Amino acid sequence: LVSAVPLPEPYRVPLPVPPVARPVAPDRYLITARVAEQEIIPGYRTPVLGYDGIFPGPTVETRSGREVVVRHRNELPVPTVVHLHGGHTPPEHDGWPLDLVLPVGDTSDWTGHHGMPGDVVAGERDHRYPMAQRAATLWYHDHRMDFTAPAVYRGLAGFHLVRDDVEDALPLPRGDRELPLMICDRSFAADGSFAYPGLDRGMRGLPGVEDAWTAGVLGDVVLVNGAPWPVHEVDAARHRLRILNASNARRYRLQLDGGVRIVQVGSDGGLLAAPVEQDAIELAPGERFDVVVDFGAVPVGTDVTMTNALGEGRTRDVLRFRVVRAARDDSAVPDVLSEVEPPTVPADAPVRTFTFARGALGDHRGWTINGAAFDPDDARYRTPLGATEVWRFVTDVHHPVHVHLDPFQVVRRGGSGPGPFDGGWKDTVDVRPGEVVDVAVRFSDYRGRYVLHCHNLEHEDMAMMATVHTV
Ligand code: C2O
Ligand code: CU
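All chains use their own residue numbering, which begins from 1 and follows the written sequence. Chains and ligands are labelled by the order in which they are written, letters from A for the one and numbers from 1 for the other. Totals for whole chains, interfaces and linings use every residue, but because this is a predicted model, local features are given only for residues with pLDDT of at least 70 and side-chain atom pairs only at 80 or more, for both listing and counting. By convention in this description, side-chain values take in all heavy atoms of the structure and omit both hydrogens and water.

### Examining the overall build of the protein
- Within the protein, the secondary structure is distributed over three helices and 32 strands.
- We compute the radius of gyration over the C-alpha atoms and compare it with the globule rule, which gives 2.2 Å times the number of residues raised to the power 0.38. Its C-alpha radius of gyration of 21 Å places the protein within 12% of the 23 Å reference for a compact globule of 471 residues.
- Along the first, second and third principal axes, the C-alpha set of the protein runs to 60 × 60 × 50 Å.
- The proportion of buried residues among the 471 residues of the protein is 59%.
- Long-range contacts, defined here as pairs at least 24 residues apart, represent 78% of the contacts in the protein between residues at least 6 apart.
- In these tables, accessible area is a Shrake-Rupley quantity obtained with a 1.4 Å probe, and a residue counts as shielded only by the protein chains included in the view. Entry remark: accessible area of the protein is about 17200 Å², with carbon and sulfur atoms responsible for 51%. By the criteria applied, helices consist of DSSP H or I runs no shorter than four residues and strands consist of E runs no shorter than two, each listed in order from the N terminus. Residue burial is assigned from relative accessible area. The probe radius is 1.4 Å, only protein chains are included, and a residue is buried under 20% of its type maximum, exposed over 50%, and partly exposed in between. The contact criterion used is simple: two residues touch if any of their non-hydrogen atoms lie within 4.5 Å.

Below, the structure written as structure tokens:
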């Protein structure tokens, strides 16, 4: 999608770092989604749908084992639902796509909106997050039925970092040298607003996008933490980058120039067992990679540029680090990071196949799982708590498959072992065209109704989602 504004020169705008949310009381947060204007393209005002009016939203930081309550208030003109991606969350707090939070003071009848019932509330909802999970890079975003893609595109996404003692005891870079990086592509209309080819620009009734974009909306501007191709001044020292691909549909292969090596220390579900050196990292929408890079390896004054080998033209550019000063560095990447129990798949573990493919939805085009569109009442997929199952994902084109509630481990990709980007606990796995990926899933607790879906947000909105019951 070609922007109608002049695109800025890369590596001029400073990298923003989202503020850390302050609790309103111990372990309680209030986040208000509202419309605000933000200068993203220099000289233009972009209306954003922002958590606390900013994009990315404030970063929520919590401790493993310490329950928090996040009150999400909706001052947007449309309903919303918040999901904590990677959260081990009871079903009523998980952001079921029909559990709408209606706009504050809005009395229009949204309830019959989809002809499907959910737990609809007015104004705000408290999400209780037990945080009974290890340290990891999570993120929260809109998850409203049919309208997740335009809502996230317009700004409804933020980081949620879970910390724990295991990770705190490691000498990894911290403070200013730990950076959350939310990477996403967007396009801009002539007035500076986000250009999204939705059929209903008001996001009120009619879901879907123009025919040309049903495979996924691709922008021509790469934003990092909401800024186009930013630049960041750094010490000549190790830095920890928590990279999230928050794009609707774009995949990246990120590499660094200048001979700076990328050491992967974590994945969606937190630290790996041991660091892995990578030439580049590939991320599909929804995935996170936690990496350590050592800017002390290059002379002060060097520019180190992160580029996207899968991009074309301007989408090859991502972010530049400018190494500006020598500094003391006590950080290190230990050989042992954390305990990750290898997946044990019993010989008699059930194998469930989910086939992700284009399909017809009534009279328009859409995306299906096992030939079916999302059906909240579907009772086909029932997994007992505590049981290990092999879920086999089969695809036509690229689909990043995301499972709610608990992380999984990749056991096979394309007939052999896990690929180079499959290590550790994952909650989103990129399944490539025509590929078969087997993952070992086990849900530990919380009985209820969750979803499994494609994290290409256009595919998700066009029904590539399935109801999963934990029983
Ligand atoms: Cu990041 Cu069900 O979503
Ligand atoms: Cu998909």
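### Structural notes on the environment of I31
- Looking at the element boundaries, I31 is found in strand β1 (residues 28-38).
- Exposure remark for I31: the relative accessible area of 1% places this residue in the buried category.
- In contact with I31, not counting residues within four places along its chain, are Y51, D52, V60, V70, R71, H72, R73 and Y140.

### Describing empty space enclosed by the protein
- Detection works on a 1 Å grid of protein atoms alone, calling trapped sets that fit a 1.4 Å probe cavities and calling open sets with protein on both sides within 12 Å along at least five of seven lines pockets, with lining residues defined by an atom within 4 Å of a point. Grid points are joined across faces, edges and corners, and a volume is the space filled by probe spheres set on the points. Applying the stated criterion across every chain yields a total of four cavities of 30 Å³ or more.
- What the largest cavity holds in volume is close to 70 Å³.
- Along the wall of the largest cavity there are 14 residues; nearest its centre are D146, P150, Y196, P207 and G208.
- Among the residues making up the lining of the largest cavity, the classes are represented as nine nonpolar, two polar and three charged.
- Domain limits in this description derive from either an automatic procedure or a database domain assignment. Viewed by domain, the lining of the largest cavity spans two of them, domain 1 (28-168) and domain 2 (175-326), each represented by three or more residues. Residues are grouped as follows: Ala, Val, Leu, Ile, Met, Phe, Trp, Tyr, Cys and Pro are nonpolar; Asp, Glu, Lys and Arg are charged; all remaining types, including Gly, are polar.

### Comments concerning the nonpolar core
- Core analysis: the biggest nonpolar cluster contains 82 residues, and I243, M306, F321, W391 and F393 have the highest contact counts within it.
- Once residues lying within four places of it in the same chain are set aside, the contact partners of I243 are L181, I183, L254, I281, L283, E287, R288, F289, V291 and M306.
- Buried Ala, Val, Leu, Ile, Met, Phe, Trp, Tyr and Cys residues form a nonpolar core when they are joined through side-chain atoms within 4.5 Å. Listed in part, the 27 residues of the second largest apolar core include V60, W110, Y129 and M131.

### A few points about the sheet that holds β1
- The four strands lie next to each other as β2-β1-β4-β8, forming an open sheet whose pairing is mixed. At either margin of the open sheet sits one strand with a lone partner, and together these are β2 (46-51) and β8 (124-129). Strand after strand, the sheet turns through a mean of 20° between neighbouring axes, direction not considered. Strand pairing follows a simple DSSP-based rule, namely that at least 2 bridges must link the two strands. Axes here mean lines fitted to C-alpha atoms, for a helix over just the part in contact, with angles spanning 0 to 180 degrees between N-to-C directions.

### A closer look at the layout of surface pockets
- For the largest pocket, the calculated volume is near 670 Å³.
- Lining the largest pocket are 38 residues, and of these R134, E341, D406, P407 and W425 lie nearest its centre.
- Listed by contribution, the elements that provide at least two residues to the lining of the largest pocket are β5 (82-85), β9 (136-142), α2 (165-168), β27 (399-403) and β30 (436-442).
- In terms of residues, the lining of the largest pocket owes the most to one element, β30, which gives three residues.
- Its residues placed into classes, the lining of the largest pocket shows 16 nonpolar, 13 polar and nine charged.

### Concerning the packing of aromatic side chains
- Centres within 6.5 Å make a pair out of two Phe, Tyr or Trp rings, where for Trp the six-membered ring is used; the pair is then stacked when the planes are under 30 degrees apart, edge-to-face when over 60, and tilted otherwise. Considering all chains together, one arrives at 13 aromatic pairs under this definition.
- In our convention, an over-ring charge means Lys NZ or Arg CZ found within 6 Å of a ring centre and within 35 degrees of that ring's normal. Of note, R186 hangs over the ring of Y153, and the distance from its end group to the ring centre comes to 4.7 Å.
- Taking NZ or CZ as reference, R314 lies 4.0 Å from the ring centre of W229, over its face.

### Examining the pattern of salt bridges
- A pair is scored as a salt bridge if a Lys or Arg side-chain nitrogen falls within 4 Å of a carboxyl oxygen belonging to Asp or Glu. Under the criterion given, the structure shown has 45 salt bridges.
- E124 is the salt-bridge partner of R73, the closest N and O atoms lying 3.1 Å from each other. Of this pair, R73 sits in strand β4 (residues 68-74) while E124 sits in strand β8, and the two are 51 residues apart along the sequence.
- For R73, a relative accessible area of 26% gives the class partly exposed.
- Through salt bridges with shared partners, a single network forms among E61, R163, E167, E178, R240, R242 and D290.

### So, the sheet that holds strand β32 (residues 465-470)
- The strand order across the open sheet built from five strands is β25-β32-β31-β27-β29, with neighbouring strands paired in mixed fashion. At either end of the open sheet lies a strand with only one pairing partner, and these are β25 (382-383) and β29 (428-431).
- As paired elements, β27 and β29 share four bridges and run antiparallel to each other. Counterpart to P400 in the pairing with β29 is D430.

### Brief notes about the side chain of T315
- Turning to its location among the elements, T315 is positioned in the loop between β21 (303-308) and β22 (317-326).
- When neighbours within four sequence positions are excluded, T315 is seen to be in contact with G219, D220, V222, R250 and N308.

### Let's talk about the domain arrangement of the protein
- Domain assignment breaks the protein into domain 1 (28-168), domain 2 (175-326) and domain 3 (351-470).
- The distance between the C-alpha centroids of domain 2 and domain 3 comes to 24 Å.
- Across the interface of domain 2 and domain 3, roughly 1900 Å² is buried in total on both sides, 47% from carbon and sulfur atoms.
- Viewed at the interface, domain 3 and domain 2 are joined by four salt bridges.
- For D427, the salt bridge is made with R288, and the minimal N-O distance between the two is 2.7 Å.
- Of all the secondary-structure elements, those providing two or more residues to the side of domain 2 that touches domain 3 are β17 (262-267), β18 (270-278), β19 (281-283) and β20 (288-294). Two parts lose some accessible area (1.4 Å probe) when they are put together, and adding that loss for both gives the buried area.

### Observations regarding unusual backbone geometry
- Between F55 and P56 the backbone carries a cis peptide bond, its omega angle lying at -5°.
- Within the fold, P56 resides in the loop between β2 and β3 (57-63).
- Within the chain, D27 stands out as a residue other than glycine whose phi angle is a positive 60°.
- Within the secondary structure, D27 sits in the segment before β1.
- If you check the backbone angles, W229 has positive phi at about 40° while not being a glycine.

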